[in-house]
Amino acid sequence: MPSVGGRTRTEIILRVALVVAAASLAVALSGCAYGGAGGGAPSVVVDFYVRMAGTINDAFYYFIPIDADGDDGDDGPVPVAAGPYWENGWGTGSFTHYIEYHQGQYTLFRVNCRLELRNAGGGITAVGGTPTGSTVGVSTLTVQSVSFGAVTVSGTGMVASVANASFQAAGTLTLATNAAGEVVAGSVVFAPAASGGRALTAAEQSVITNLNAGGVALQADSLSGLGLTLTLNAAQAGTQTLTIAPTTATVQNRFEPESGSTETTTGTLQANTVNGASNTVIPGGTITAADFVQGGTATVRKDLSTVGTSLGPPYQYTLPSGGTILRATVDVSSLGDDIPDLSINVITTNELIFDESITDPDQHTYDGLGRLGNRYVTFPTDQYQTISNSSGLFEQETSGDSTLTGPATAEERNQVDIVDWSITIRRLQ
């Protein structure tokens, strides 16, 4: 069985007329519990109905991932079929929220993502933070150009100006000369800047040490070992400070998602800095850079975090109570503002897997919409309608899918085997 894991792009765009009236829905949802943040009734809701071949097992995991990123189904939620990228242990692709039923409780979560540096390069040495967006995949970061920090000169002395050809450590360098134009012993001091600075390398420090011996005539190339070229005035006594600004680089981010289209963007990073969550290369993430190497590349994996942020129970739900059916209703406004469309799947599994050595999907018992679980459905939020397994518009969901081959008993497979479903979007007021 081929690995799904988001590797198969699925796109089902639905435009279906309303087929179920609100009155019949009220009967179907009678006896529900109510969750959410309180207050008045929501304006628009989405109802989910899922039926298993066997009874719901509270020890197992039942997820309804919801992609509210508004890309009209370009990508969407799919199950993780096999490693090595298990992410949250059950789902991948793109989704912003999910409902989980586990241990007798429904919870609505907002997805969090995390970054992992797979290969350092180009001067990029670490990543972290919480990146924006919910689509998982791999970024190739390429250092396209490097702008070395400009050097300004203050004080009175021989140095008229400084050209920076390669020095990437921001900070200040002070030096003094005597009337003969010789460097005063012990006067050369480098202090790294708090932002963009770093300690000198051994080779760079040797340049400072040699000058600090004193009695050496200051020359245009006296700091060439740092990548700095001096333009000098006539020999004279004085003390000056050279202030080196931070070095920056233009970095390209080529992001290849698990499903959907590759995107290429560019942004700016600063050398010898932890570039914070406001950086424009991976917004929301942090990128630690040392000295940049033009043309160098780093690869960064964007995964779903193991646990999302709980938003509490969904607006309305019905506990299975030993039965085979899951029912839950979500307030669309809890997923964000001005959402044009939603992509939805149902993913079930008897266990969460995080072991990267498990790379055979036959070692995993799971199910999702469609034969391989990767047939998420997409629909606009401004067309009130019901879509269902029985409509004939989708790959029919039947019992005994080929994804149900992992280590489990026949009864346990039935408990995660999806055999029927429907989704309704409707207006309450």
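Colleague: How would you sum up the overall build of the protein chain? Please name residues and give values.
Modeller: The helix and strand inventory of the protein chain stands at three helices and 30 strands. Taking 22 Å as the expected radius of gyration for a compact globule of 429 residues, we find that the protein chain reaches 30 Å, considerably beyond that expectation. Its C-alpha atoms put the protein chain at 100 × 45 × 35 Å along the principal axes. Going through the 429 residues of the protein chain one by one, you find that 52% of them count as buried. Considering only intrachain contacts with a sequence separation of at least 6, the fraction spanning at least 24 residues in the protein chain is 75%. Of the roughly 17000 Å² of accessible surface on the protein chain, a fraction of 51% belongs to carbon and sulfur atoms.

Colleague: Lay out the side chain of T349 with the relevant residues and their values.
Modeller: With respect to the helices and strands, the residue T349 is situated in strand β26 (residues 347-349). You can call T349 buried: its relative accessible area is 1%. Here E351 takes part through its backbone oxygen, which lies 2.8 Å from a polar atom of the side chain of T349. In this structure T349 touches F60, Y61, W90, H364, T365, Y366 and V416, once residues within four positions along its chain are discounted.

Colleague: Help me get a handle on the pattern of salt bridges, residues and values and all.
Modeller: Enumeration according to the criterion identifies 11 salt bridges in this entry. Two residues, R198 and D291, come together in a salt bridge whose shortest N-O distance is 3.0 Å. In this pair, R198 sits in the loop between β14 (189-192) and α2 (202-211) while D291 sits in the loop between β20 (285-289) and β21 (297-304), placing the two residues 93 residues apart along the sequence. With a shortest N-O distance of 3.0 Å, E395 and R375 are connected by a salt bridge. Of the two residues, E395 is situated in the loop between β29 (385-388) and α3 (410-415) and R375 in the loop between β27 (366-367) and β28 (377-380); the sequence distance between them amounts to 20 residues. Taken together, the salt bridges that share partners define one network made up of E87, R114, E116, R118, E258, R301 and D303.

Calculation criteria
Going along each chain's sequence as written, the residues are numbered from 1 onward. Two thresholds apply to this predicted model, a pLDDT of at least 70 for residue-level local features and 80 or more for giving and counting side-chain atom pairs, whereas whole-chain, interface and lining totals are computed over all residues. With hydrogens and water excluded, all non-hydrogen atoms of the structure serve as input to the side-chain values. Each helix is a run of DSSP H or I of at least 4 residues and each strand a run of E of at least 2, with the numbering of both proceeding from the N terminus. The globule rule used for comparison is 2.2 Å times the number of residues to the exponent 0.38, while the radius of gyration itself is calculated over C-alpha atoms. The buried label applies to any residue whose accessible area, calculated with a 1.4 Å probe on protein chains only, is under 20% of its type's maximum; exposed applies above 50%, and partly exposed to all values in between. The contact criterion used is simple: two residues touch if any of their non-hydrogen atoms lie within 4.5 Å. Each accessible area value is a Shrake-Rupley result obtained with a 1.4 Å probe; residue values ignore everything except the protein chains displayed when judging cover. Any pair of nitrogen or oxygen atoms within 3.5 Å is treated as a polar contact; in protein, a donor-acceptor pairing is required on top of that, and neighbouring residues in sequence qualify only through side-chain atoms on both sides. Think of a salt bridge as a Lys or Arg side-chain nitrogen and an Asp or Glu carboxyl oxygen that are within 4 Å of each other.

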